[in-house]
Amino acid sequence: MDYGEVRDEVDLVVPVKTLDRAKTRLTSATGGDPVSHAALALALALDTVSAAVATPGVRRVVTITSDPAVAAEMAALGVESLPEPPQPGLNQALEHGARTLRSSRIGALQADLPALRPDELQAALEAARGRRAFVPDRQGTGTTLLLAAPGGELDPRFGVGSAGLHRLSGAVALIGAWPSLRCDVDTEEDLRLALALGLGTRTANALPARTT
Ligand SMILES: Nc1nc2c(ncn2[C@@H]2O[C@H](COP(=O)(O)OP(=O)(O)OP(=O)(O)O)[C@@H](O)[C@H]2O)c(=O)[nH]1
Ligand SMILES: C=C(OP(=O)(O)O)C(=O)O
């Protein structure tokens, strides 16, 4: 497919672990049932990706996953998936995705933003104004979005303390009134906060009744 050359637009890679390994800190939210847990992990990713696809300024969204169930569900949204590279790890998966896409502008979006609103993601993309930039999570320690400069490398440093590492690597911290973009869901407390912001429909449907 020819996606054209619009320099202000960004292609986003979204990493998604295999569902049986994903979101271990959220296991209690579904009462320890592995099938419900996998459904919740998948719903988080689908709501995130649906919002990203609907965002003006986002040209293309591609997930990086070795889980065929994730790839099939993403395909139903019209979203392509790339398999993980042989080297394990989140940053390796993102670098592989970025290299494969060869986009004029690349970004990485975490897959656990179930309240994400397209207008907030669009506002963050605009605030970057062509710089290599990142959006810290609500605690200020992690990263939910990393954007390369046009034509530049992604150079991802996700993991513990990634906000500090992205800042040290020269990326500009973007801090705006974008609660849905900053609310990544790792724990049940995060899930309650995302619920208050307004969950995507898939995540809302995947929750047990007591959480809603
Ligand atoms: N493709 C891919 N995605 C990853 C990998 N590691 C983490 N991710 C994804 O990166 C995002 C951020 O990771 P975390 O917030 O730590 O999520 P998680 O590892 O599923 O959660 P925990 O098990 O609770 O640490 C999530 O969307 C994960 O699915 C990896 O090795 N490969
Ligand atoms: C991998 C990260 O996510 P989390 O802190 O949610 O594990 C990160 O913020 O770099």
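Residues numbered from 1 in each chain as written. Chains lettered and ligands numbered in written order. Predicted model: local features only at pLDDT ≥ 70, side-chain atom pairs only at ≥ 80, totals over all residues. Heavy atoms only, no water.

**Section: the UniProt feature "binding site: phosphoenolpyruvate" (unreviewed entry) in the protein chain**
At step 1: Under the UniProt annotation, the feature "binding site: phosphoenolpyruvate" (unreviewed entry) is placed at T143, G159 and S162. Spanning 20 residues, the named residues nonetheless gather at one spot, since no C-alpha pair among them exceeds 8.5 Å. In the annotated set above, the residues contributing to the lining of the largest pocket are T143, G159 and S162.
At step 2: Of note, T143 is situated in strand β6 (residues 143-147).
At step 3: Since its relative accessible area comes to 3%, T143 is described here as buried.
At step 4: Mapped onto the elements, S162 comes out in helix α5 (residues 162-168).
At step 5: Look past the residues within four positions of S162 in its chain and what remains in contact with it is T141, G142, T143 and R157.
At step 6: Within the structure, S162 has its side chain in polar contact with the side chain of T143 (distance 2.9 Å). (UniProt positions renumbered as here; feature names shortened; annotations may be inferred. 1 Å grid on protein atoms, 1.4 Å probe; cavity = no way out; pocket = protein on both sides within 12 Å on 5 of 7 lines; lining within 4 Å. Helix = DSSP H or I, 4+ residues; strand = E, 2+ residues; numbered from the N terminus. Buried < 20%, exposed > 50% of the residue type's maximum accessible area, 1.4 Å probe, protein only. Contact = heavy atoms within 4.5 Å. Polar contact = N/O pair within 3.5 Å; in protein donor to acceptor, adjacent residues only side chain to side chain.)

**Let's talk about the site of ligand 2**
At step 1: The immediate surroundings of ligand 2 are formed by R25, L90, Q110, G142, T143, F158, G159, S162, D184 and D186.
At step 2: Between S162 and ligand 2, the recorded distance is 2.6 Å, taken from a side-chain N or O atom to an oxygen atom.
At step 3: Within the side chain of D184, one N or O atom sits 3.1 Å away from an oxygen atom of ligand 2.
At step 4: Taken by itself ligand 2 offers 290 Å² of open surface, and the protein chains cover 81% of this.
At step 5: More than half of the atoms of ligand 2 fall within 2 Å of the grid points belonging to the largest pocket.
At step 6: Across the shell around ligand 2, the residue classes break down as two nonpolar, five polar and three charged. (Near = heavy atom within 4 Å. Areas by Shrake-Rupley, 256 points an atom, 1.4 Å probe, with all protein chains shown as cover. Sits in = over half its atoms within 2 Å of the grid points. Nonpolar A, V, L, I, M, F, W, Y, C, P; charged D, E, K, R; others polar.)

**Details of helix α2 (residues 68-76)**
For the α-helix, the turn length of 3.6 residues means that residues three or four positions removed from each other point alike.
At step 1: Measuring from the backbone nitrogen of A69 back to the side-chain oxygen at the start of α2 gives 2.9 Å, which picks out D67 as the cap.
At step 2: In the segment just after α2, G78 is the residue with positive phi, at about 85°.

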